[in-house]
Amino acid sequence: MVCPRTCSARRILEDTMKYLAFAAGTLLATAALAETPVLTVYTYDSFVADWGPGPQIEAAFEETCGCDLKFVGAGDGAALLARIKLEGARSEADVVLGLDTNLSGAAAQAGLFAPHGQRVVPDMPNPFGAAGAWDDPLFLPYDWGYFAFVYDKTKLTDVPTSFDALAASDVKIVIQDPRSSTPGLGLLLWIKEQYGDEAAALWEGLADNVVTVTKGWSEAYGLFLEGEADMVLSYTTSPAYHIVAEGDTSKAAAAFPSHYMQIEVAGKLARSDQSELADQFLTFMTTDAFQAIIPTTNWMYPAFAPKGALPDGFAAPIGAEQARLIPADDVASIREEALAEWLAVLSK
Amino acid sequence: MAGRAFQVRRWPGGVAAGLVAMLILGTLLAVALRAEAGRGLGPSDWAAIRFTLWQAVLSSTLSVMLAVPVARALARRAFWGRRLVIAFLGAPFILPVIVAVLGLLSVFGRGGILNVALRFVGLPEVTVYGLHGVVLAHVFFNLPLATRLILQAWQEIPAERFRLAAQLGFGARDMARVIERPMLRRVVPLAAAVIFALCISSFTVALTLGGGPRATTVELAIYEAFHFEFDLGRAALLALVQIVLVGVAAVLALRASVAEGFGAGMDRVVTRWDSGGLRQISLDFGVIVAASLFLLVPILMVVVEGAAGLWRMPVQVWSAAGVSLAVALVSTAIMLVLALPIAIAAAAWRGFEAVGLLGIAASPLVVGVGLFIVIFPIADPFTLALPITALVNAVMALPFALRILVGPVRDVVAGYGRLSATLGIGGWAWLRLILLPRLRGPLGFAAGLTAALSMGDLGVIALFADAETATLPLQMYRLMGSYQMEAAAGAAVLLLGLSFGLFWVFDRGGRNHVDA
């Protein structure tokens with residue numbers, strides 16, 4: 001009399017019903033929360049990680065805003081921009097946090113962002129103008145740093161101190177894809193800025209050093225920590241993470257003659273239905289409450305120096321004369337040429 | 001059969017086949033219309049095409065070359081556990097690719113056991129990223145398939161041939177020249193062509209082990225154009241390229257499969273008189289053990305590493321598992337609704353089976369991009385991520401399901417058709433009383449395959465998922481990306497269990513009651 005065929009079907013049905021009930025419950029719970037306004041912030045994956053700035057910043061902002069701040073990790077920086085373009089007018093994002101000045105030109109061209117209407121005086125080097133000048137009408141900076149190759153002092157002794165030395169060595173490196181990742185794009189522009197027409201030749205030399213090209217910073221840094229490469233493209237501030245968080249002094253950033261800067265920015269989407277809340281968040285971003293969290297979670301220099309010194313383990317930034325940066329408006333054309341060279345060389 | 005007395009209903013099959021054809025051809029058309037052909041292919045696109053072909057050539061050649069000794073060993077040795085080994089060779093078909101990749105990393109990665117051993121004896125280390133890794137993973141998946149195909153051909157040689165050969169005093173060399181080599185000449189190109197076609201549209205392996213412009217397949221390039229640059233025109237252009245590649249590979253595979261066999265024998269158990277001395281015996285067992293280790297160790301590594309992480313996984317993993325389970329079941333239901341009518345119609349006219357070939361000719365990312373282009377102006381494709389994944393998974397499993405179902409349906413129609421006609425049973429009653437009870441086994445098997453394939457799939461979902469939607473394979477990929485290897489291994493064990501569990505439940509559910 002037992003018919004296990006229907007019984008197994010019934011069991012599967014029951015499981016499905018349970019899942020559906022669970023899903024419905026979740027939906028109802030979300031609906032109940034909808035009373036408080038939700039501010040959706042798209043950012044890169046490492047920002048929302050447990051050890052990243054996301055959780056602390058969420059708690060700090062929610063204390064004052066009477067809202068629900070929702071961070072959504074959407075890949076690495078450049079993929080973040082593609083995502084916003086992809087979703088277009090349908091996007092639920094109110095704020096995008098995690099582009100940098102290398103992308104802000106392209107982001108502005110997409111026409112999806114609204115002016116922030118704020119005047120700010122950031123504390124960071126400015127390679128092409130007076131220190132503290134900030135005239136981007138759409139994006140506000142929240143932190144900055146220098147790109148650098150990070151290595152393990154106990155494993156790599158013969159540390160290259162320039163791109164030429166790196167290309168000539170057999171040191172293995174992991175880098176990020178400039179099409180999806182802001183460090184990857186930073187490296188592309190760093191080399192283009194320094195080598196100009198010789199950039200392709202330098203990439204030819206570097207090609208045999210590259211173990212793999214990852215989509216994002218997290219993957220690359222993970223591979224480096226797993227021992228898959230001798231060096232990884234990261235930041236001069238990355239060793240501070242190991243010193244402060246892990247008491248591990250073995251990691252160091254290789255000093256090159258010049259270092260390309262990254263200034264990370266956030267902007268408000270024109271289509272946001274929480275425009276005021278988005279403004280409020282961008283203002284909050286420039287205050288101590290936000291800025292003080294950055295150094296030991298995002299491991300970058302805060303754009304608006306909070307009261308109190310940087311934690312021990314953070315080396316003072318290298319001299320401003322070593323800083324390189326291509327103005328945001330010029331990046332687009334240079335990026336296209338540099339990317340074509342990079343693709344041509346690395347696909348050989 | 002003169003004057004067919006019994007006619008199955010063809011129209012439901014026609015409708016189902018039409019829907020499938022519309023989905024695949026419609027998305028191909030959307031892709032073709034959207035492709036910006038004028039822009040041409042850049043150097044990196046050509047590199048992707050070269051890499052796709054080169055890795056597929058290497059993967060298929062290596063898989064087949066390694067499979068021949070394994071198949072020979074299994075063909076001429078009888079030992080305890082032989083059936084288990086052969087059954088085990090079928091497992092990679094439903095093994096989630098991402099799980100295997102994690103296992104291969106823990107064996108062949110820089111921190112894996114192989115390199116630990118190499119370092120210990122002072123040999124240079126190997127790297128698993130790039131071409132090596134992609135080919136390694138493809139061999140991992142396709143060596144078992146090639147072995148099964150070649151072994152099958154070996155076993156189709158009638159026992160009488162070996163008996164005759166023994167009477168004629170053939171040694172190992174004569175045996176190879178007269179019997180085995182002709183057989184291999186027939187089956188090896190077939191196996192190689194099938195594997196070549198499978199490797200052409202490989203996505204997950206290239207996504208995880210390929211890296212950068214140097215190791216990008218066309219399928220991965222489609223994903224990158226879509227995801228990195230939101231360049232639909234270029235994604236569509238690459239999709240067109242992919243259609244041509246997969247199409248040519250499928251034609252190659254089909255042409256290779258037409259060849260004559262050895263004729264029939266009396267299906268006696270094969271006794272081999274050329275089994276050779278101790279050296280050959282130990283060689284054969286060495287080959288079997290080596291192949292088993294190559295296939296087993298990575299999976300065991302995942303299980304060992306993952307069992308510890310199983311209880312320390314973030315809650316998203318569990319919800320992703322729920323999502324995947326729902327997707328897999330819906331996908332299986334869609335497959336059944338499509339496959340059964342088509343199989344019934346195909347019993348009357350073989351042409352219906354051809355619709356299954358469409359599923360082979362279209363790659364998931366091509367269909368995904370096409371659906372995106374079609375849906376984008378009307379609705380938000382991202383909110384439809386899961387239904388689309390379920391649908392595409394079902395269509396991708398359709399060719400396999402049809403292969404399983406068409407034969408048995410035809411047998412039932414041939415065997416019971418006249419009786420049914422005499423008794424006036426037709427329509428639903430025929431389906432319920434005559435066909436379905438006799439089809440439980442194949443249906444369970446097909447459903448199990450579909451559910452397991454859908455459970456482990458990482459393709460369309462990678463294209464469509466937003467940050468908050470994830471199936472279990474995607475969630476696992478994200479954990480790997482953010483360096484949470486322990487949690488990723490835990491998710492891998494869960495995924496492994498669910499994939500094989502689903503297969504087992506369906507397959508068992510079907511088989512148990514064949515005689516009921």
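Residues numbered from 1 in each chain as written. Chains lettered and ligands numbered in written order. Predicted model: local features only at pLDDT ≥ 70, side-chain atom pairs only at ≥ 80, totals over all residues. Heavy atoms only, no water.

**Thoughts on the overall build of chain B**
Piece 1. Of regular secondary structure, chain B possesses 21 helices and 0 strands.
Piece 2. Relative to a compact globule of 516 residues, whose C-alpha radius of gyration would be 24 Å, chain B shows 24 Å and is just as compact.
Piece 3. In terms of principal-axis extent, the alpha carbons of chain B reach across some 75 × 70 × 50 Å.
Piece 4. Of all 516 residues assigned to chain B, the portion counted as buried reaches 55%.
Piece 5. Taking the contacts inside chain B whose residues are at least 6 apart along the sequence as the reference set, 82% of them involve residues at least 24 apart.
Piece 6. Distance from the positive charge centre (38 side chains) to the negative charge centre (25 side chains) of chain B: 10 Å. (Helix = DSSP H or I, 4+ residues; strand = E, 2+ residues; numbered from the N terminus. Rg over C-alpha atoms; globule rule 2.2 N^0.38 Å. Buried < 20%, exposed > 50% of the residue type's maximum accessible area, 1.4 Å probe, protein only. Contact = heavy atoms within 4.5 Å. Lys, Arg positive; Asp, Glu negative; His and termini not counted. Charge placed at Lys NZ, Arg CZ, Asp CG, Glu CD.)

**So, the domain arrangement of chain A**
Residues and elements named next belong to chain A.
Piece 1. As assigned here, chain A comprises domain 1 (34-144 + 262-316) and domain 2 (145-261 + 321-346).
Piece 2. For domain 1 and domain 2, the distance between their C-alpha centroids amounts to 24 Å.
Piece 3. The largest share of the area that domain 1 buries against domain 2 comes from Asn102, Gln262 and Trp299, three residues that together contribute 31% of it.
Piece 4. Counting across the domain 1 and domain 2 interface gives 0 salt bridges.
Piece 5. Where domain 1 packs against domain 2, one counts 5 residue pairs in polar contact (both at pLDDT 80 or more).
Piece 6. Elements supplying a minimum of two residues to the side of domain 1 that touches domain 2: α4 (77-87), β3 (95-100), α5 (101-109) and β10 (259-269).
Piece 7. Across the side of domain 1 that touches domain 2, the residue classes tally to 13 nonpolar, 10 polar and 3 charged. (Domains from an automatic or database assignment. Buried area = accessible area lost by both parts, 1.4 Å probe. Salt bridge = Lys/Arg side-chain N within 4 Å of Asp/Glu carboxyl O. Polar contact = N/O pair within 3.5 Å; in protein donor to acceptor, adjacent residues only side chain to side chain. Nonpolar A, V, L, I, M, F, W, Y, C, P; charged D, E, K, R; others polar.)

**A closer look at the environment of Val15(B)**
Piece 1. One can find Val15(B) in helix α1 (residues 11-34).
Piece 2. Taking C-alpha positions, Val15(B) is 8.5 Å from Pro341(B), a pair spaced 326 residues apart along the chain.

**Here's the deal with the confidence of the model for chain A**
Piece 1. Averaged over all residues, the pLDDT of chain A equals 86, while 90% of them reach at least 70.
Piece 2. Within the model, pLDDT remains below 50 along residues 1-8 of chain A, and this stretch shows 4 contacts once partners closer than five positions in the same chain are excluded. (pLDDT = per-residue confidence, 0-100.)

**Things to note about the interface of chain B and chain A**
Piece 1. Chain B puts 47 residues into the contact, and the matching count from chain A is 43 residues.
Piece 2. Counting the surface lost from both chain B and chain A, the interface buries some 3900 Å², and carbon and sulfur atoms represent 59% of this.
Piece 3. Considering only the surface of chain B that becomes buried against chain A, Arg110(B), Arg214(B) and Phe228(B) emerge as the three largest contributors, covering 19% of it.
Piece 4. Among the salt bridges present, the one from Glu224(B) reaches Arg179(A), with a minimum N-O distance of 3.1 Å.
Piece 5. Linking chain B with chain A are 4 residue pairs in polar contact (both at pLDDT 80 or more).

**A short note on the state of the cysteines**
All names here are of chain A.
Piece 1. Following the criterion strictly, the structure yields 1 disulfide over all chains and no others.
Piece 2. Covalently, Cys65 is tied to Cys67 through a disulfide, its sulfur atoms 2.1 Å apart. What sets the handedness of the Cys65 and Cys67 disulfide is the S-S torsion sign, and at about -90° it is left-handed. (Disulfide = S-S within 2.5 Å.)

**Considering the packing of helix α2 (residues 43-76) of chain B against helix α11 (residues 232-256) of chain B**
Residues and elements named next belong to chain B.
Piece 1. At a closest axis distance of 12 Å, the pairing of α2 and α11 adopts a crossing angle of 30°. Here α2 is positioned roughly parallel relative to α11, judged by the angle of their axes. The chirality of how α2 crosses α11 is right-handed. Residues Ser44, Asp45, Ile49, Thr52 and Leu53 of α2 lie in contact with α11, whose contacting residues are Arg234, Leu238, Val241 and Leu245.
Piece 2. Here the residues of the contact of α2 with α11 are counted per class, giving 5 nonpolar, 2 polar and 2 charged. (Axes fitted to C-alpha atoms, helices over the stretch in contact; angles between N-to-C directions. Parallel < 35°, antiparallel > 145°, perpendicular 65-115°, else oblique. Left-handed = near helix turned anticlockwise from the far one by under 90°.)

**Some details on the pattern of salt bridges**
All names here are of chain A.
Piece 1. What the rule picks out here adds up to 13 salt bridges over all chains.
Piece 2. The partner of Glu341 in a salt bridge is Lys192, and the shortest N-O contact between them spans 2.9 Å. A residue pair is termed long-range when its members are at least 10 positions apart, and Glu341 in helix α13 (residues 328-346) and Lys192 in helix α7 (residues 182-195) qualify at 149 residues.
Piece 3. Its relative accessible area of 9% is what places Lys192 among the buried residues.

**Quick word on the packing of aromatic side chains**
Piece 1. A complete count under the given rule lists 40 aromatic pairs over all chains for this structure.
Piece 2. Ring geometry for Phe372(B) and Phe376(B): centres 5.1 Å apart, planes at 20°, overall stacked.
Piece 3. Residue Phe376(B) is classed as partly exposed on the basis of its relative accessible area of 24%.
Piece 4. Members of the aromatic cluster, joined through ring pairs, are Tyr44(A), Phe47(A), Phe61(A), Phe71(A), Tyr142(A), Phe281(A), Phe284(A) and Phe290(A).
Piece 5. When the ring centre of Phe382(B) is taken as origin, the NZ or CZ atom of Arg83(A), which lies over that ring, is 4.4 Å away. (Phe/Tyr/Trp six-rings, centres within 6.5 Å; stacked < 30°, edge-to-face > 60°. Lys NZ or Arg CZ within 6 Å of the ring centre and 35° of its normal.)

**Things to note about the side chain of Asn209(A)**
Residue and element names in this part refer to chain A.
Piece 1. Residue placement: Asn209 occurs in the loop between α8 (199-206) and β7 (210-214).
Piece 2. A residue is classified by how much of its surface remains accessible, and Asn209, at 1% relative accessible area, is buried.
Piece 3. A polar contact of 3.1 Å, which involves the side chain of Asn209, links it to the backbone oxygen of Leu166.
Piece 4. A polar contact is formed between the side chain of Asn209 and the backbone oxygen of Val171, at a distance of 2.8 Å.
Piece 5. Beyond its immediate stretch of four places on either side in the chain, Asn209 contacts Leu166, Ala167, Ser169, Asp170, Val171, Lys172 and Ile173.

**A short note on the environment of Ile24(B)**
Residues and elements named next belong to chain B.
Piece 1. Residue placement: Ile24 occurs in helix α1.
Piece 2. The buried category is assigned to Ile24, whose relative accessible area is 1%.
Piece 3. When the C-alpha atoms of Ile24 and Val366 are compared, they prove to be 9.2 Å apart, with 342 residues separating the residues in sequence.
Piece 4. In this view, Ile24 contacts Leu358, Gly359, Ala362 and Val395; residues no more than four positions away in its chain are not counted.

**Quick look at the nonpolar core**
All names here are of chain A.
Piece 1. Within the largest apolar cluster, 289 residues are counted, with the highest numbers of intra-cluster contacts made by Leu99, Phe149, Phe163, Ile175, Phe281 and Phe290.
Piece 2. A domain split of this core shows at least three residues from each of domain 1 (34-144 + 262-316) and domain 2 (145-261 + 321-346).
Piece 3. Those residues in contact with Phe163 that lie beyond four places of it in its chain are Phe149, Leu187, Trp190, Ile191, Gln194, Tyr195, Leu202, Leu206 and Phe256. (Core = buried A, V, L, I, M, F, W, Y, C linked by side-chain atoms within 4.5 Å.)

**Re a nonpolar patch on the surface**
Piece 1. Side chains of Trp11(B), Val15(B), Leu19(B) and Met22(B) sit close together on the surface and give an oily, nonpolar patch of about 480 Å² of accessible area.
Piece 2. For Leu19(B), the location among the structural elements is in helix α1. (Patch = residues over 30% accessible without salt bridge, like charges linked within 9 Å, V, L, I, M, F, W, Y side chains within 5 Å. Areas by Shrake-Rupley, 256 points an atom, 1.4 Å probe, with all protein chains shown as cover.)

**Let's talk about helix α9 (residues 217-225) of chain A**
Residues and elements named next belong to chain A.
Piece 1. The element α9 is extensively covered by neighbouring structure, given that 7 of its 9 residues are classed as buried.
Piece 2. Residues Trp217, Ser218, Ala220, Tyr221, Gly222, Leu223 and Phe224 constitute the buried set of α9.
Piece 3. Gly227, located one to two residues past α9, shows a positive phi value of around 90°.

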